[in-house]
Amino acid sequence: MNLIEPPPALAVTGSIEPLLDPVFISDLHLTVERPATSRRFFSFMQSEAPRYRELVILGDLFEFWIGDDASSAAKPVVDALAAASSAGQRVLLMHGNRDPLLGHDFTLAAGATLLADPIVVDVVGAKTLLSHGDAWCTRDVAYQQFRSMVRSVEFQREFLTKSVEERAAIAGSARTRSDTEKATKAMDIMDVTPDAVCRALRDAGVRRIIHGHTHRPAAHRIDLDGASAERWVLPDWDVDASEPRGGYLHFVAGEPRLVFFNDQQSCGGINRRPAD
Ligand code: LP5
Ligand code: MN
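Residues numbered from 1 in each chain as written. Chains lettered and ligands numbered in written order. Predicted model: local features only at pLDDT ≥ 70, side-chain atom pairs only at ≥ 80, totals over all residues. Heavy atoms only, no water.

**Overview of the site of ligand 1**
Moving on, step 1. Within the structure, ligand 1 sits among 22 residues, and Arg 98, Asp 140, Arg 175, Glu 181 and Lys 182 are positioned closest to it.
Moving on, step 2. At 2.6 Å, a side-chain N or O of Glu 181 approaches an oxygen atom of ligand 1.
Moving on, step 3. A distance of 2.8 Å separates an oxygen atom of ligand 1 from a polar side-chain atom of Lys 182.
Moving on, step 4. If ligand 1 stood free it would expose 1000 Å²; the protein chains cover 88% of that surface.
Moving on, step 5. Listing elements by their share of the shell around ligand 1, those giving two or more residues are helix H4 (141-151), helix H5 (153-159) and helix H6 (164-182).
Moving on, step 6. Of all the elements, H6 adds the most residues to the shell around ligand 1, at eight residues.
Moving on, step 7. Looking at the shell around ligand 1 residue by residue, the class counts come to 11 nonpolar, three polar and eight charged. (Near = heavy atom within 4 Å. Polar contact = N/O pair within 3.5 Å; in protein donor to acceptor, adjacent residues only side chain to side chain. Areas by Shrake-Rupley, 256 points an atom, 1.4 Å probe, with all protein chains shown as cover. Helix = DSSP H or I, 4+ residues; strand = E, 2+ residues; numbered from the N terminus. Nonpolar A, V, L, I, M, F, W, Y, C, P; charged D, E, K, R; others polar.)

Structure representation (structure tokens):
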């Protein structure tokens, strides 16, 4: 890392102009090891994304990211984002738990803006809280400890001084340990905590949340102090899986709508008003 640049945790912006006609995606986990998913991303960038004024990526675009200086395999992805931003689309991106080290060089090359997590944004006329969503999985105590470490400026500065090989080895063992530990965690621990979501809605003074991370796409209606609020959860993408999945959220007549690539994929709230 160039030492004059801010570490990724400080390379984010906390305030942006309203989104007028956005498309939201997250949790693509792009890697050369999932070629069909990468191909679907490139076709999305060619044919679907250009219909919207803003492309918003709410974290985990990449399977993992160990620093902007170790990203040659991701060049086609960066180029696709750069083509979109050069064509006049706003490209907005949030860190996920897999790619919290996306930094200044990446955003410069992609023509993207890194968003703080969470961030309140005017989205199609409604004040909305955007987040990757992992910070609200508060019952996953081991994960929250890991998250605090990886998001800290001190950790990021230190980690990015290591060689690419050393970083790759550490990230590889973190991935293995994550998979092993996830196998023993109860499913509800790995979902957002309802109280944490309500607190976030109250603190932000909003009635709508959009997030990713949990891979449980849905539209939830929430009772917030006697009034109604909404939590929209984006789908993850895996087009290489035996049952391919993925999709996006956009707005139709001012209302959010989830769209899935695979008609077989279903969720609690597809194309309907949020369900409980
Ligand atoms: O990612 P996923 O879907 O498997 O599970 C997440 C949580 N796991 C993680 C860990 C990431 O997968 C690791 C990859 C990061 C690569 C890029 C970052 C580069 C910095 C790497 C620095 C080490 O996010 C998982 C949640 C799950 O979502 C659902 O919310 O449960 O959380 C965990 O599994 C966390 C474990 O409980 C603890 C993991 C400890 C790993 C320790 C590695 C220590 C290395 C120390 C080096 C100084
Ligand atoms: Mn995630």
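**With respect to the coordination of the manganese ion (ligand 2)**
Octahedral metal centres with six donors ideally show angles of 90 or 180 degrees, and tetrahedral centres with four donors ideally show 109.5 degrees.
Moving on, step 1. Protein coordination of the manganese ion (ligand 2) is provided by Asp 60 (OD), Asn 97 (OD1), His 132 (NE2) and His 213 (ND1), with donor distances spanning 2.0 to 2.2 Å.
Moving on, step 2. Each donor residue of the manganese ion (ligand 2) belongs to the same chain, with the gaps between them written as D-x36-N-x34-H-x80-H. Of the two residues, His 132 is situated in the loop between strand S6 (126-131) and H4 and His 213 in the loop between strand S7 (208-211) and strand S8 (218-224); the sequence distance between them amounts to 81 residues. Each member of the pair His 132 and His 213 is classed as buried. (Donors = N, O, S within 2.8 Å, 3.2 Å for Na, K, Ca; no water. Buried < 20%, exposed > 50% of the residue type's maximum accessible area, 1.4 Å probe, protein only.)

**Examining the pairing of strand S10 (residues 247-252)**
Moving on, step 1. Among the six residues in S10, five count as buried, and that is most of the element.
Moving on, step 2. Alignment of S10 against strand S11 (residues 255-260), held across six bridges, turns out to be antiparallel. Residue pairing in the sheet places Leu 249 in a bridge with Leu 258 of S11.
Moving on, step 3. Between S10 and S11, which pair antiparallel and follow one another directly, the connecting turn spans two residues, one of which, Ala 253, has a positive phi of 50°. (Pairing = 2+ DSSP bridges.)

**A word on the pairing of strand S2 (residues 54-57)**
Moving on, step 1. Both faces of S2 are covered, namely the face carrying Glu 54 and Val 56 and the face carrying Leu 55 and Ile 57.
Moving on, step 2. By the bridge criterion, four bridges tie S2 to strand S3 (residues 90-94) in an arrangement that is parallel. Counted as the bridge partner of Glu 54 is Arg 90 from S3.
Moving on, step 3. In terms of handedness, the path from S2 via helix H2 (residues 75-86) over to S3 forms a crossover that is right-handed. (Right-handed = clockwise from strand over helix to strand, strands pointing away.)

**Quick word on the packing of aromatic side chains**
Here the distance between the centres and the angle between the planes together describe a pair of aromatic rings.
Moving on, step 1. Per the counting criterion, the structure on display carries 11 aromatic pairs.
Moving on, step 2. Centre to centre, the rings of Tyr 52 and Tyr 248 are 6.5 Å apart; their planes meet at 65°, and the pair counts as edge-to-face. Highlighted residues: Tyr 52 in the loop between helix H1 (35-48) and S2 and Tyr 248 in strand S10, separated in sequence by 196 residues. Each of the two residues, Tyr 52 as well as Tyr 248, counts as buried.
Moving on, step 3. Ring geometry for Phe 62 and Trp 65: centres 4.5 Å apart, planes at 35°, overall tilted. Accessibility assignment for this pair places Phe 62 and Trp 65 in one class, buried.
Moving on, step 4. Connected via pairs of aromatic rings, a cluster forms that spans Phe 44, Tyr 52, Trp 237, Tyr 248 and Phe 261.
Moving on, step 5. Of note, Arg 40 hangs over the ring of Phe 261, and the distance from its end group to the ring centre comes to 3.8 Å. (Phe/Tyr/Trp six-rings, centres within 6.5 Å; stacked < 30°, edge-to-face > 60°. Lys NZ or Arg CZ within 6 Å of the ring centre and 35° of its normal.)

**Some thoughts on the nonpolar core**
Moving on, step 1. Counting residues in hydrophobic clusters, the biggest one holds 34 residues, and the most contacted among them are Phe 41, Leu 61 and Leu 81.
Moving on, step 2. Where this core is concerned, the elements lending two or more residues are strand S1 (22-25), H1, S2, H2, S3, helix H3 (104-110) and strand S4 (112-115).
Moving on, step 3. Of all the elements, H2 adds the most residues to this core, at five residues.
Moving on, step 4. One finds Val 56, Met 94, Leu 234 and Phe 251 within the second-largest nonpolar core, a separate group that totals 20 residues. (Core = buried A, V, L, I, M, F, W, Y, C linked by side-chain atoms within 4.5 Å.)

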